[in-house]
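Notes for the structure review
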Amino acid sequence: MKPAFLRSPFSTLITLLTGLIVLLGYFLDFEPLREWRFRFLQWAILLAAVALFLGVFNLLRVHWGRLSESPSKAVYSLTFLGGFVSAVLMAGWLGIQHSLTRAVVDYVILPIEASLFVIILVTLLYALTRLLQHRLSVFSFVFLVTVLLSLIASIPLLGIEIPLLHGRDSLFSIALRILGTAGVRGLLIGVALGSVVTGIRVLFGLERPHGD
Amino acid sequence: MTLDVPYLDLLGSALGVLLTLLVFSYLLGDHFLVRLVFYGYIGLMAGFAVVIAFNSVLYPLLLQPLIDDPLAGWMQVAVPLLLSGLLCFKVSTRLSRIGNLSLAFLVGVSLAALIGGAIQGTLMPQLSAVISPFDLERSSVAAADRFSGLIEGFLILFGTVATLAYFHFGARPRFSGSARRLEWIEALSWVGQIFIAIALGLIFAGLLRAGFVALVERVQVLLNFVITLQQGF
């Protein structure tokens, strides 16, 4: 099997050249490079917007096709198309700041999003109980204790402050600050290193997750 | 007949309450009405996304230059217009290869932004934060607290290294044919898992807290609506 960069060398070259120009623009204090980086980033933002339009166009095409092909799902597609057309008419014609657009955001979108967040809360609580039942190890025990203590320490229970648990300078808060900071910092550095290595591999055509 | 503003407000609240109850009913199982709500919501969001993308990206970057000064505008938008046109071929299964040029450009610039952002936005600040407690001359901490600051710095450094050790997957082959990490890395990564469990526990607790806030807000909206109805608007 050919290496990824040999399967489409022209695309790999374009990726490499544009990537290097933008990357050098970040780290070298050289005016033409910075100008090209800014221009390339603007074009990429434009292309991302066009890609969004294409994605939505594809979605509309699929739902339009379903109207005639699948009568059982037609009502869902009709609701989707209705929502889309009304949003485009409201936000595009009347404007984002119009009272009707704001009313749709306040009375339709916000309640749905807040309720979905509550659904996520229930799912997370269910996952926590499953963890307690099926995968109890040292690490899951530490995880559970951290979650419980962190929730209890958030607010004084019935107005009673427990000396070692509540307050900014309590032993629990200091321990969590040190241990939590260390863990989160390690995770962040790990994620950043992973992003850099994967980015360089794709940039040089060693991997092509976006296809040929 | 003209509707008064309080009636409109009540009508909107009633719609919000109905949608909240419908989404909550999803916990009992998937059904026709909740699917309608989700499809309508996705349609609305797609519509808003298209309008916002047009108003804040396509119009100012592609159309405004052409309207302001057609001749100079064409020079300015020729390349992005060509790239956008090529990207449109991605919709067709037969001609999608023509769009690879634009995709290659988009991937190159996005990756460079990702790498630059990861180095400048995460690696540098985090590494500098790990080092700063040991820089006693520049430390803004009072002299009396420097010792405790130093201990804290050591503990955080140890925890960070232990957490990173967990992601070290380099292994040496053994005579038996199996591969295993070095003993000390194995031990360090075990400690690292404790730090990771604490960090993830804190993130999880934060998510739960945010979820409880959303739950309280929804319940409050439901109660307010019932009280308003009881009081006769």
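Worth saying up front: this structure is predicted, and the values here are computed from it rather than measured.

1. Examining the overall build of chain A
Secondary structure assignment for chain A yields seven helices and zero strands. The C-alpha atoms of chain A give a radius of gyration of 26 Å, which is well past the 17 Å a tight globule of 212 residues would have. For chain A, the computed accessible surface area is about 12400 Å², with 72% contributed by carbon and sulfur atoms. Both charge centroids of chain A, one from 16 positive and one from 10 negative side chains, sit 9 Å from each other.

2. A few points about the overall build of chain B
When you go through chain B residue by residue, the secondary structure sums to six helices and two strands. Counting helices and strands in the order they occur from the N terminus, chain B gives α-α-α-α-α-β-β-α. Here chain B has a C-alpha radius of gyration of 29 Å; the compact-globule value for 233 residues is 17 Å, and the former is much larger. With the C-alpha coordinates aligned to their principal axes, the bounding extent of chain B is approximately 80 × 65 × 55 Å. Residues counted as buried form 35% of the 233 residues belonging to chain B. Here the analysis covers contacts within chain B between residues at least 6 apart in sequence; of these, 29% occur between residues at least 24 apart. Approximately 14000 Å² of chain B is accessible, and the part contributed by carbon and sulfur atoms is 70%. Where the 12 positive side-chain charges of chain B centre and where its 12 negative ones centre are 17 Å apart.

3. Comments concerning the interface of chain A and chain B
Facing the 96 residues of chain A at the interface are 100 residues of chain B. Counting each side, the surface lost to burial between chain A and chain B is near 9200 Å², with a carbon and sulfur contribution of 85%. Counting the contacts that link chain A with chain B gives one salt bridge. We note a salt bridge from E152(B) to R177(A), for which the minimum N-O separation is 3.3 Å. At the junction of chain A with chain B, the criterion picks out eight residue pairs in polar contact (both at pLDDT 80 or more). Listing elements by their share of the side of chain A that touches chain B, those giving two or more residues are α2 (9–27), α3 (31–69), α4 (71–94), α5 (99–134), α6 (138–154) and α7 (171–203) of chain A. Looking at the side of chain A that touches chain B, the element that brings in the most residues is α7(A), giving 23 residues.

4. Some words on helix α6 (residues 183–230) of chain B
Between its terminal C-alpha atoms α6(B) stretches 70 Å, which fits the 70 Å expected from 48 residues at 1.5 Å a residue. Looking one or two residues past α6(B), G232(B) carries a phi angle of roughly 70°, positive in sign.

5. Quick look at the packing of aromatic side chains
Tallied over the full model, the rule gives 14 aromatic pairs over all chains. Measuring from centroid to centroid gives 5.9 Å for Y76(A) and F32(B), while their planes differ by 50°, and the two rings are tilted. Residue Y76(A) is found in helix α4, and its partner F32(B) is found in helix α2 (residues 32–68); the two belong to separate chains. Classification of Y76(A) by relative accessible area gives buried; the value is 9%.

6. Looking at the confidence of the model for chain B
Summarising the model, chain B shows a mean pLDDT of 87, and 90% of its residues fall at 70 or more. Of all the helices and strands in chain B, strand β1 (residues 172–173) of chain B carries the lowest mean pLDDT, 68, while α2(B) carries the highest, 93.

7. Let's talk about α2(A)
Taking 1.5 Å per residue as the helical rise, α2(A) with its 19 residues ought to reach 27 Å, and the 27 Å between its terminal C-alpha atoms agrees with that figure. Those residues of α2(A) that sit buried are S11(A), T12(A), I14(A), T15(A), T18(A), G19(A), V22(A), L23(A), G25(A) and Y26(A).

8. Describing the packing of helix α3 (residues 70–88) of chain B against helix α4 (residues 100–131) of chain B
Residue and element names in this part refer to chain B. Here α3 crosses α4 at 115°, and the two axes come no closer than 7 Å. Between α3 and α4, the residues in contact are L83, L86 and L87 and L101, S102, L103 and F105, respectively. Taken together, the residues of the contact of α3 with α4 sort by class into six nonpolar, one polar and no charged.

Cut-offs used in this document
Residues numbered from 1 in each chain as written. Chains lettered and ligands numbered in written order. Predicted model: local features only at pLDDT ≥ 70, side-chain atom pairs only at ≥ 80, totals over all residues. Heavy atoms only, no water. Helix = DSSP H or I, 4+ residues; strand = E, 2+ residues; numbered from the N terminus. Rg over C-alpha atoms; globule rule 2.2 N^0.38 Å. Areas by Shrake-Rupley, 256 points an atom, 1.4 Å probe, with all protein chains shown as cover. Lys, Arg positive; Asp, Glu negative; His and termini not counted. Charge placed at Lys NZ, Arg CZ, Asp CG, Glu CD. Buried < 20%, exposed > 50% of the residue type's maximum accessible area, 1.4 Å probe, protein only. Contact = heavy atoms within 4.5 Å. Buried area = accessible area lost by both parts, 1.4 Å probe. Salt bridge = Lys/Arg side-chain N within 4 Å of Asp/Glu carboxyl O. Polar contact = N/O pair within 3.5 Å; in protein donor to acceptor, adjacent residues only side chain to side chain. Expected span 1.5 Å × (residues − 1). Phe/Tyr/Trp six-rings, centres within 6.5 Å; stacked < 30°, edge-to-face > 60°. pLDDT = per-residue confidence, 0-100. Axes fitted to C-alpha atoms, helices over the stretch in contact; angles between N-to-C directions. Nonpolar A, V, L, I, M, F, W, Y, C, P; charged D, E, K, R; others polar.

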